[in-house]
Each structure stands twice: as C-alpha cells, then as structure tokens.
Amino acid sequence: MANAGIQLLGFSLAFLGLIGTIASTIMVEWKASSYAGDNIITAQAMYEGLWKSCVSQSTGQIQCKVYDSLLQLPGIVQGTRGLMLASVLLSVICLLVEMVGMRCTTFMAEEPEQKDKVALAGGVIFIIAGLLALVGTSWYGHRIAKEFYDPFTPTNSRYEFGSALYVGWGAACLTLIGGGFLCCSCPKKGSQKSPRYPPTRSSGPQGKDYV
C-alpha cells in the first residue's frame, strides 16, 4: 500500500503540473513591459505571449492582437511553442499510461510485474515532459534577461519576466517531482523474497529399540 500511495501522490503532482503547463502556454504575460528607469510612460502596459500580444490602458481597457504569421515570429517564440506543446502532449500520454500502470487501478491486475514496468515508463516520460517545459520557460526567460541588460536596448523597449514564466517554472517542477515519485514507487528486485526459516526437524522416532 505504501507504493500505491506514492504513485497516487506522484500522479496528483504530475496532473497539477500538466494543468499549470497548459495555463502557462495559453497565458499572454510571458513578458511584461518594464518600468525601470526614468521618464517611463506608465499610461499603458504591454504584454507578449506565445500566441498574441496585448496592451492594457490605464483606464482598464485591454486590446489584444493575435500574431499574423507564424514564419515571421522570432525563433525564440517558435521554439518555445514547440517545447511547451510537446510537454503537454507527452503529459497527456503519460496520464493514460499511468492509469494502466498504477496499483490502485484494475488494469493488468493479473500481471503485477508488467504493471510496475508500465508505471515506471510513465514516470520516465513525465520527467521528460517536465524537462521540456523547464527548458522552454528557461530559454525564454534567458532571452528576456539578456535583452533587458543589453545597453543597446532602448529603455522603453525593455521587458521583465511575466507571470506565465513563473507558472511554467512551477508546473515543470511539479511534473518532475511527480515523475520522480512514480519512478521511485516501483519495488526493487528481490524485495519481495519469502523469509528464510530454519529447517524443521523430522518428527520420526529416534530412540533405540529395547528387548
């Protein structure tokens, strides 16, 4: 039952990581306009995401525009899109695999060894999905930081980390931890050996015959 509890915990964390990855992918606030420096106009705030950009006015009005052409997008946006979508796809596949391999389900109940192997495979793929999300968000964040500290970048054109990056980092960590729990829940070889007992003595007669 201990392994089943660890599997359930890992599955729950990985599922939360999947929800966070989806939310981060569709959010607009991947980078937000910076207010660092002097003479910065704060009447509007600009946000850019993987799919569209938005401008928020001080009056509360928000205007968004979807990117017109995929081929005209910067390589950082296209690459991050691919990494995040690949992470979501792998996580969805892992959810289906883990439903078969977890001990709290009835699938493949007559083959416990194969069931544990399926759960292990799902945990490994969850770790890969978490790494993809972590690489995508870290790559995008590194580009934002690089442009922010570039002296040739105009002050009004500098951006900072948006909330989508923090959501993506948290989701990637949850997916990695969940996948690790799913990998660690499988029993090691030889852990279920039958206990050894001292050999029993025969109860036959051992005395001598007397006349």
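Below or above, wherever it landed, is the structure these notes cover. These numbers were taken from a predicted model, which means no experiment stands behind them.

Applying the stated criterion across every chain yields a total of five aromatic pairs. Aromatic pair Phe148 and Tyr149: ring centres 5.2 Å apart, planes at 85°, arrangement edge-to-face. Between Tyr166 and Trp169, the aromatic rings sit 5.7 Å apart at their centres with planes inclined by 80°, giving edge-to-face as the arrangement. Residue Tyr166 and its partner Trp169 are located together in helix H4 (residues 163-184), separated by three residues, close to a single helical turn. Taking relative accessible area as the criterion, Trp169 reaches 21% and is therefore assigned partly exposed. Among the aromatic residues, those joined into a ring-pair cluster are Phe161, Tyr166 and Trp169. Sitting over the face of the ring of Tyr159, Lys31 holds its NZ or CZ atom 4.7 Å from the ring centroid.

A separate point is the environment of Ile19. Mapped onto the fold, Ile19 is located in helix H1 (residues 2-26). What makes Ile19 partly exposed here is its relative accessible area of 43%. In sequence terms Ile19 and Ala171 are 152 residues apart; their C-alpha atoms lie 7.7 Å from each other.

Turning next to the sheet that holds strand E4 (residues 62-66). Ordered by their spatial adjacency, five strands build an open sheet running E4-E3-E2-E1-E5, and the pairing between neighbours is antiparallel. A single partner strand is all that each edge strand has here, and the edge strands are E4 and strand E5 (159-161). Neighbour-to-neighbour, the strand axes of this sheet turn through a mean angle of 25°, independent of strand direction. Here strand E1 (residues 31-33) runs beside strand E2 (residues 44-48); their pairing, made up of two bridges, is antiparallel. What sits directly across from Lys31, in E2, is Glu48. Contacting E1, E2 and E5, helix H3 (residues 112-148) crosses the sheet at an angle of about 140° to E5.

Quick look at the nonpolar core now. By size, the foremost hydrophobic cluster in this structure holds 12 residues: Trp30, Leu50, Leu73, Ile76, Val77, Met84, Ala133, Tyr140, Ile144, Ala164, Leu165 and Ala172. When residues of this core are traced back to their parent elements, those giving at least two are helix H2 (75-101), H3 and H4. In this structure, Leu50 is in contact with Thr25, Trp30, Tyr67, Val77, Thr80, Arg81, Met84 and Tyr140, ignoring residues within four places of it in sequence. Ranked by size, the runner-up nonpolar core spans nine residues in total, among them Phe11, Leu18, Leu95 and Phe126.

Across five bridges, the pairing between E2 and strand E3 (residues 52-57) is antiparallel. Within E3, the residue paired with Gln44 across the bridge is Gln57. In sequence, E2 turns back onto E3 through a hairpin of three residues. Linking E3 to E4, which pair antiparallel, is a turn of four residues; within it Gly60 sits at a positive phi near 100°.

To continue, consider the pattern of salt bridges. Going through the model one piece at a time under the given rule, you end up with two salt bridges. The partner of Glu48 in a salt bridge is Lys31, and the shortest N-O contact between them spans 3.4 Å. With a gap of 17 residues between them, Glu48 in strand E2 and Lys31 in strand E1 connect regions that are remote in the sequence. By relative accessible area, which is 21% here, Glu48 ends up partly exposed. Taking the shortest distance from any N to any O, the salt bridge between Asp68 and Lys65 comes out at 3.7 Å. Take Asp68: its relative accessible area is 68%, and that puts it in the exposed class. Among the residues examined, Lys65 registers a relative accessible area of 51% and is labelled exposed.

Compared with an ideal rise of 1.5 Å per residue, which puts 22 residues at 32 Å, H4 spans 32 Å between its outermost C-alpha atoms and is within 8% of the ideal. Every buried residue of H4 is listed here: Ala164, Leu165, Gly168, Ala171, Ala172, Thr175, Gly178, Gly179 and Leu182. Across the axial projection of H4, the buried residues extend over an arc of 155°, all falling on one side. Exposed and facing more than 90 degrees away from the buried side of H4 are Tyr166 and Cys184.

Calculation rules
Counting restarts for each chain, with residues numbered from 1 along the sequence as it is written. Selection of residues for local features in this predicted model requires a pLDDT of at least 70, selection of side-chain atom pairs for listing and counting requires 80 or more, and totals for whole chains, interfaces and linings are taken over all residues. Water and hydrogen atoms were dropped before computing side-chain values, which therefore reflect all heavy atoms in the structure. Only Phe, Tyr and Trp rings take part, Trp by its six-membered ring, and two of them pair if their centres are within 6.5 Å. Stacked means planes under 30 degrees apart, edge-to-face means over 60, and tilted covers everything else. Put simply, DSSP H or I for four residues or longer makes a helix, DSSP E for two residues or longer makes a strand, and each gets a number counted from the N terminus. Three labels apply to residues, based on accessible area from a 1.4 Å probe with only protein chains included: buried if under 20% of the type maximum, exposed if over 50%, partly exposed otherwise in between. For a ring to carry a charge above it, either NZ of a lysine or CZ of an arginine must fall within 6 Å of the ring centroid while also lying within 35 degrees of the normal to the ring plane. When DSSP finds at least two bridges between two strands, those strands are taken to pair. Structural elements are reduced to axes, namely lines fitted to C-alpha atoms, with helices fitted over the stretch in contact, and the angle between N-to-C directions of any two is expressed from 0 to 180 degrees. Residues count as neighbours in contact if any of their non-hydrogen atoms are within 4.5 Å of one another. We call a set of buried residues a nonpolar core when its members are Ala, Val, Leu, Ile, Met, Phe, Trp, Tyr or Cys and they connect through side-chain atoms within 4.5 Å of each other. Salt bridge, as used here, is a side-chain nitrogen of Lys or Arg placed within 4 Å of a carboxyl oxygen of Asp or Glu. Given the number of residues in a helix, its expected span is that number minus one, multiplied by 1.5 Å. In this context, the arc is that of the directions from the helix axis out to the C-beta atoms.

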